[in-house]
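What the coordinates show
Okay, here's what each chain looks like letter by letter:
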Amino acid sequence: MHVILKGCSLYLYKDKKEQIVSSEDELPISINACLIDISYSETKRKNVFRLTTSDCEYLFQAEDRDDMLAWIKAIQESSNLNEENTGVTSRDLISRRIKEYSTMMSASGSKTEPSPKTPRQSLSIRQTFLGTKTEQRTQSPHSPKEESERKFIAKEKDETSPPKDKGTWRKNIPNIMRKPFEKKPSVAGTFGVRLDDCPPAQSNKYIPLIVDVCCKLVEERGLEYTGIYRVPGNNAAISNMQEELNKGVTEIDIHDDKWRDLNVISSLLKSFFRKLPEPLFTNDKYADFIDANRKEDPVERLKTLKRLIRDLPEHHYETLKFLSAHLKTVAENSEKNKMEPRNLAIVFGPTLVRTSEDNMTHMVTHMPDQYKIVETLIQKHDWFFAEDDEEPLVSTGPSKFLDSTFLLV
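Residues numbered from 1 in each chain as written. Predicted model: local features only at pLDDT ≥ 70, side-chain atom pairs only at ≥ 80, totals over all residues. Heavy atoms only, no water.

**What to know about the nonpolar core**
The cut-off we apply is this: By nonpolar core is meant a set of buried Ala, Val, Leu, Ile, Met, Phe, Trp, Tyr and Cys residues that side-chain atoms within 4.5 Å join together. Using a 1.4 Å probe on the protein chains alone, a residue whose accessible area is under 20% of its type maximum counts as buried, one over 50% counts as exposed, and one in between counts as partly exposed. Numbering of helices and strands runs from the N terminus, with a helix taken as a DSSP run of H or I at least four residues long and a strand as a DSSP run of E at least two residues long.
One finds Tyr 229 and Trp 259 to be the most contacted residues of the largest nonpolar core, which totals 60 residues. Per-element tally for this core: the top contributor is helix α4 (residues 209–221), with eight residues. Among the nonpolar cores identified, the runner-up in size contains 21 residues, and Val 3, Cys 34, Cys 56 and Phe 60 belong to it.

Written as structure tokens, this is what we have:
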């Protein structure tokens, strides 16, 4: 099967020769407001991604992991959101996928709830981009090199890096004491408990042990791993490790074989933050963070975000500082791992910046804010957590996140 992406449509051909002759009966797949994610529960095949449209669901198998991630990225960027009806369509799809994902994550052990039964087609594809808007990437050594099979039209990247000129922030931010949450009886476990009830790291009593271990293992072994944090780990392995850690483990043997799989380790970290009963940005400050992100003045936006971060409880502040420094380190190696600040924000935004309640309206309308807050934290980590009150550098070309960007990982 040969697949070509033209604009906002996917065209399917039996072979390359068929694409030369256009057919009047040709029915392309529209990717307007579609959802695109890695499929790891519907098939045992590798390098499979799932495309969900308003009326159908498709499974595509790429040649290798790099090709799969490139297809996901190209389809995301080519999805047209300018038409009036696509907003409603994407929200319906997001709603459906969130329910499916919540069901899957709540399943115990290796048992996984089946996905909603929608029409599905399974296709094996070769990578050919025609008329798409995609960023340049390093070619996989296993990818076909023939010029006829690859045609890229480069898209100018959003200039997200700050300018070199900087001023001085004259207005001091008062040092406000961070008030910890009211202490509850200690709970034996790691997942699904409050930050201040988690077994602490040896280096910092305010940072959970699991966060410290996972981040250090990724930095030690996975900084050059393509798609780190985007590619999911095995569900059964993740569930088994969660059960073991919830037995009150205070020490972790990182030399154990079960701590070798980078995808399991990265998924374990994401699962930890997803299961926090009190989110990292806290329930009572969630609305304030969303409002701060929407301030029109870029300098005032950054100052307000910094003030809100300083007001977080001690465990939340120290954990956020540690995690964002880690994500900054991962992003600094994006040339090899393909995880720029924007991609990391797509993965971590809805997990970190959320409330304990499953508010569907917030899940849809606040997604761009969640992404942008985390992206800004990664890009300006040093400034946010510096003790001085230096004026922030402001980017002249902020990146834009769209409501339909939803990568399930």
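Once you've had a look at it, read on.
**Quick notes on the environment of Leu 12**
Examined against the element boundaries, Leu 12 turns out to sit in strand β2 (residues 9–13). In sequence terms Leu 12 and Ile 29 are 17 residues apart; their C-alpha atoms lie 8.3 Å from each other.

**Some details on the packing of α4 against helix α6 (residues 262–274)**
Going by this rule: Each axis is a line fitted through C-alpha atoms, taken for helices only over the stretch in contact, and angles between the N-to-C directions span 0 to 180 degrees. If you view the pair so one helix is near and one far, a crossing is left-handed when the near helix is turned anticlockwise from the far one by less than a right angle, and right-handed when it is turned clockwise. Note on definitions: a residue-residue contact is assigned when non-hydrogen atoms from the two residues lie within 4.5 Å. In the scheme used here, Gly and all other residues not listed as nonpolar or charged are polar, with Ala, Val, Leu, Ile, Met, Phe, Trp, Tyr, Cys and Pro taken as nonpolar and Asp, Glu, Lys and Arg as charged.
One way to put it is that α4 packs onto α6 with a least axis distance of 10 Å and a crossing angle of 145°. Classified by chirality, the crossing of α6 by α4 is left-handed. Here α4 contributes Ile 210, Val 211, Cys 214, Cys 215, Leu 217, Val 218 and Arg 221 to the contact with α6, which in turn contributes Leu 262, Ile 265, Leu 268, Leu 269, Phe 272 and Phe 273. Partitioned by chemical class, the residues of the contact of α4 with α6 number twelve nonpolar, no polar and one charged.

**Section: the pairing of strand β1 (residues 2–6)**
Note the threshold: For two strands to pair, DSSP has to find at least two bridges joining them.
Counted residue by residue, β1 has four buried out of five residues, so it is predominantly covered. One ladder, built from five bridges, connects β1 with β2; its direction is antiparallel. Looking across to β2, one finds that His 2 is bridged to Tyr 13. Counting the residues that bridge the hairpin from β1 to β2 gives two residues, and of these Gly 7 lies at a positive phi of roughly 60°.

**A word on unusual backbone geometry**
Within the chain, Tyr 229 stands out as a residue other than glycine whose phi angle is a positive 80°. By secondary structure assignment, the location of Tyr 229 is in the loop between α4 and α5 (235–245). A positive phi angle, close to 65°, is found at Thr 282, a residue other than glycine. Along the chain, Thr 282 falls in the loop between α6 and α7 (283–293).

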